[in-house]
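# Architecture at a glance
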Amino acid sequence: MKLNPRTPILLFIAAVSVGLLAFDFDWLTKTLVLMAVLGAICYMIIKLDTQQRQLEELDRLRTGYEKLDKQAKLIIRTDLELHRTQEELDRKLTSLFALQELGQQLRVSLQPDAIYGQLNAQLLTSFGFSQGLVGVCRGTEEVTWQSMIGVHETAAEQVRHHLQASGWIRSLLANPAPRILTLPTTDPNAQKLLELLSASTVAVAAVVPQTGPAGCILLVREGQAGEGRGDTELLGILTTQLSSAVENSALYEEVWGSQRELEQKIHLRTRELAAANEQLTKLNKAKSDFVSAVSHELRTPLAAIKGYASLLHSGQFGPLVAAQAERLGKIEKHADLLAQLINDLLDIARIESGRVTMLQRPIEVKEFLETIVESVKPQIDAKHINLETQLDGITQLVGDPTQLLRVFINLLSNAIKYTPESGTITLALQRDGAQIRAKVQDTGCGIAPEEIPRLFQEFYRTSNAVNEKVKGTGLGLALVKRIVEAHQGKIWITSELGKGSAFHFTLPVEPAKTESA
Amino acid sequence: MSKKELAAIGSSANPDAFSAGQAAALTASKQLAPHRVQGVIAFASSWYDQAQLLAGIQNIVGQVPVVGGTTAGEITPLGPKTHSCVLLAMAYEDIVVGMGAGGHVDQDPRLAGYQLAQQAVQPMNGKPRRGLIMFGDGLLTGYAEVLRGIQEVLGTSSPVTGCLMGDDLRFTRTCQYAGDQALTNSVVGLLFGGACAIGVGVEHGFEPISKPRRITKAHENILYELDGQPAASVYEEYFGADVLENLRKEGGLTRCLIAYPLGMQLESTEQYLLRNIMSFGQDGSLICTGEVSEGSWVQIMIGSKEPALEAASLATWQAVRNLKAVRFVLIFDSVSRKRLLGRAAADEISRIRKVIGPAVPVIGCYSYGEQTPLGQDYGQWRASVQNGACLIVAVGTEK
């Protein structure tokens, strides 16, 4: 039972009062003593009250202090939790940034092997790991480290040897999913690996791309086991990223390799073609030189043959019998044909060798056509051929008049040759942009399509009834082609069997510019 | 190049130690050319082969004093780094530097300090001594004795500052650089003399959160009892025994408690000396990173980012306020603060650079302890190892 602090005081007052009444004191003394006792008692009561209040205040303070301390404990525990959450958040944010950075680095990596080396110390620590080994697998037995972070070369070599000797590489590639190895473990291989890396926890995964070299990753995290939460997910993302990068770079390497091979082949073929072309040019020049030299050598004796035959034929050396005159006439005719052939060959050789320069003169079309028609008029009249001209308002051509005359006469002579009696030949000129297109069309037998590409070759003659009857050198069209090309023009043929053929060629409107112009 | 610009920084994250040291030294020495490098302060990750790293540095700078050591993170002007090497090379004609080293700190710390100072003072040749920057093994204690050894030679008229080197929170082995040697269980230092002044600023930004308790039993860095109770029970009381047990099982107890150091109130001031808990003893004791003295009052401290960042600004201001011009700045930042700040650690470097200006070369490291001068009594410097602090050392010219 708790006593009121005033109870002893009241008992004391009662005792003093009884004492005073019991002793024989005068009233004054009794009153003074009583008053002194009462004063002391009052003082004691006040003192006791104050003390009581202070004690109660102290109790309240103590309680408040304890409550504050409890709150401090709460604050510390909350802060610890917040701190850990913040750290985890920081780690994840840093990992995300690091993954992004890695992604950017991987995008510019072109060598599959080098991709595994992109996982450097800075990135690794950003992921929260302190040590790491990243390697490229050769087959399923061997691994070569591309990145060694925080692991000494000797330790890395020991780990490599252990992984290879224990068959870990094979099993890792067979089951590439990320996993965490932690001490204590019952797996002796894992135990050895952890010991070699002096780590209590190692995150392991394999990178198995569809194309390109496979790899393996071993990452060690220092610190709390709890900090490794999410390591398998992180490693999963990492391996996927690396795998895609390896595939991309392997693909790129393949494409690049093919392109390089193709380029090499093109380069080789171009060189071969250039060499062949050079050889052909040399051969062609040699041929032209040979033809030119031979033609020159032939022309002199031919001129003598022709001269003597003509003299004999004229009867200056006595009268000739009919048979003699006929044979001499044939000699003259064949000598003329041979001279024509030699001249054509010489012209072709000269044009090919560039020894002939085509003049670039204006040619009045009207007069030019009159000359042409005059040249072929006897043959046209003989076959009653209708010659039509279509000039499209063109009054002038540009070129070498002598050579172009040969072109037109040659083409018209051919057309007359193959056009039947009362047929039609059309000579047309047409403006076509910066050039003039000329056409010589007949209504003859036409040319077989397979023969068209060979028509401009020297000595080629089409196999038809007309050619069997009429002699020719087979050089006319070859010469025409070279003259047109020497004028920077093109020549081609359109033909339909039984309906006729058309020879088209182009000539420039303006004089051709020289390189120095 | 003017005199105040004769300090240059180089850094490298090359995974090869020799290449990293060489690249960092080359970057710095190129900036100083044609001047010859007179001394180097280097910090590097503990993951490197330290001998190779120093060989790489000396391959470029030659046989000049190289001091520093392994860290719990490197500080470059661009922000915090890991797995890298950062160094500051000097080439001042008016500054004299002397390197010293002392070994066997665990056995005779006083002698280690004495040897360090004896070697460092040699090149001074009567020039005024301005201050010593020392680098100790972060896994050892006894630095009060090291300091006494140093002060036996150098006296107490110049500040002794520096840090205790880390090992990337592995707590296995730290290295201290002395020339081409990577020492352990040692203390190395670089004494500055000549026409320079050293400004020091230190703040931590931690605040007390628990009830104050009196240290009733302690020996050196082992705290046995608080208010007659096993010291570890205080942490159990505040964090919860189950939480601590889980942290212990996960192996992250020490790393986690770095953010909640013990604060030992200094006599006659409102300052707190911070002590990290390195481990829990079997007998319920707490093994701290620095000495704790019986009779002192201690409290569990708590920190938050903004006060920590403000503390860095304040410490920088303290360091540079009495200097006429700042030549270079060294940051010795507690690893506790790095953990506290997390991704905001880069902001701390930015704030420091904001105070000193962008042109001043600055490097540093995250350390296991900071050798902090606690002010002067009648011109005599007092110093102590502290944890959780941001220590700024500015080398410049006197006002």
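Described below are features of the structure shown in this document. (Residues numbered from 1 in each chain as written. Chains lettered and ligands numbered in written order. Predicted model: local features only at pLDDT ≥ 70, side-chain atom pairs only at ≥ 80, totals over all residues. Heavy atoms only, no water.)

Counting from both sides, the interface comprises 34 residues of chain B and, opposite them, 33 residues of chain A. For the chain B and chain A pair, buried surface summed over both sides reaches about 2800 Å², with 55% attributable to carbon and sulfur atoms. Summed over the shared surface of chain B and chain A, the result is 3 salt bridges. Linking chain B with chain A are 9 residue pairs in polar contact (both at pLDDT 80 or more). When residues of the side of chain B that touches chain A are traced back to their parent elements, those giving at least two are α5 (232–239), α6 (241–250), α7 (253–257), β22 (297–302) and α9 (335–341) of chain B. (Contact = heavy atoms within 4.5 Å. Buried area = accessible area lost by both parts, 1.4 Å probe. Salt bridge = Lys/Arg side-chain N within 4 Å of Asp/Glu carboxyl O. Polar contact = N/O pair within 3.5 Å; in protein donor to acceptor, adjacent residues only side chain to side chain. Helix = DSSP H or I, 4+ residues; strand = E, 2+ residues; numbered from the N terminus.)

This part covers a nonpolar patch on the surface. All names here are of chain A. Together, Leu 89, Leu 93, Leu 96 and Phe 97 make up an exposed nonpolar region whose accessible area comes to about 380 Å². Here Leu 96 shows up in helix α2 (residues 27–107). A residue is classified by how much of its surface remains accessible, and Leu 96, at 53% relative accessible area, is exposed. (Patch = residues over 30% accessible without salt bridge, like charges linked within 9 Å, V, L, I, M, F, W, Y side chains within 5 Å. Areas by Shrake-Rupley, 256 points an atom, 1.4 Å probe, with all protein chains shown as cover. Buried < 20%, exposed > 50% of the residue type's maximum accessible area, 1.4 Å probe, protein only.)

Right, let's get into the sheet that holds strand β1 (residues 131–138) of chain A. Residue and element names in this part refer to chain A. Reading across the sheet, the 5 strands line up as β2-β1-β5-β4-β3 and stay open at both edges, with antiparallel pairing between neighbours. Every interior strand has two partners, whereas the edge strands, β2 (142–149) and β3 (179–182), have only one. With strand direction ignored, the average angle separating the axes of adjacent strands in the sheet is 20°. Against the sheet, helix α5 (residues 153–165) engages β1, β2 and β5 (215–220), with an angle of about 150° to β2. Docked against the sheet, helix α8 (residues 231–314) engages β3, β4 (201–207) and β5, running at close to 30° with respect to β4. (Pairing = 2+ DSSP bridges. Axes fitted to C-alpha atoms, helices over the stretch in contact; angles between N-to-C directions.)

Moving on to the nonpolar core. Residue and element names in this part refer to chain A. In terms of nonpolar packing, the biggest core is built from 45 residues, with Leu 397, Phe 408, Leu 411, Leu 429, Phe 503 and Phe 505 touching the most fellow members. When contributions to this core are tallied by element, the ones reaching two or more residues are α9 (322–353), α10 (365–383), α11 (401–418), β9 (424–432), β10 (435–441), α13 (476–486), β11 (491–496) and β12 (500–508). At 7 residues, the largest contribution of residues to this core is made by α11. Discounting residues that sit within four places of it in the chain, Leu 411 has contacts with Val 440, Leu 477, Val 480, Phe 503 and Phe 505. (Core = buried A, V, L, I, M, F, W, Y, C linked by side-chain atoms within 4.5 Å.)

So, about the packing of aromatic side chains. Within this structure, the stated rule accounts for 12 aromatic pairs over all chains. Both rings, one in Tyr252(A) and one in Trp256(A), keep their centres 6.4 Å apart while their planes meet at 5°; by these two values the pair is stacked. Pair noted here: Tyr252(A) and Trp256(A) are both in helix α8, with a separation of 4 residues, about one helical turn. Residue classification places Trp256(A) among the partly exposed positions, given a relative accessible area of 38%. Ring centres of Phe368(A) and Phe408(A) lie 5.5 Å apart, and the angle between their planes is 85°; this geometry places the pair in the edge-to-face category. Of this pair, Phe368(A) sits in helix α10 while Phe408(A) sits in helix α11, and the two are 40 residues apart along the sequence. Judged by its relative accessible area of 8%, Phe368(A) is buried. Within the aromatic cluster, the residues linked to one another by ring pairs are Tyr235(B), Phe239(B), Tyr260(B) and Phe280(B). Positioned over the ring face of Tyr238(B) is Lys73(A), at 5.4 Å from the centre of the ring. (Phe/Tyr/Trp six-rings, centres within 6.5 Å; stacked < 30°, edge-to-face > 60°. Lys NZ or Arg CZ within 6 Å of the ring centre and 35° of its normal.)

Everything listed is a geometric property; what it means functionally is a separate question.
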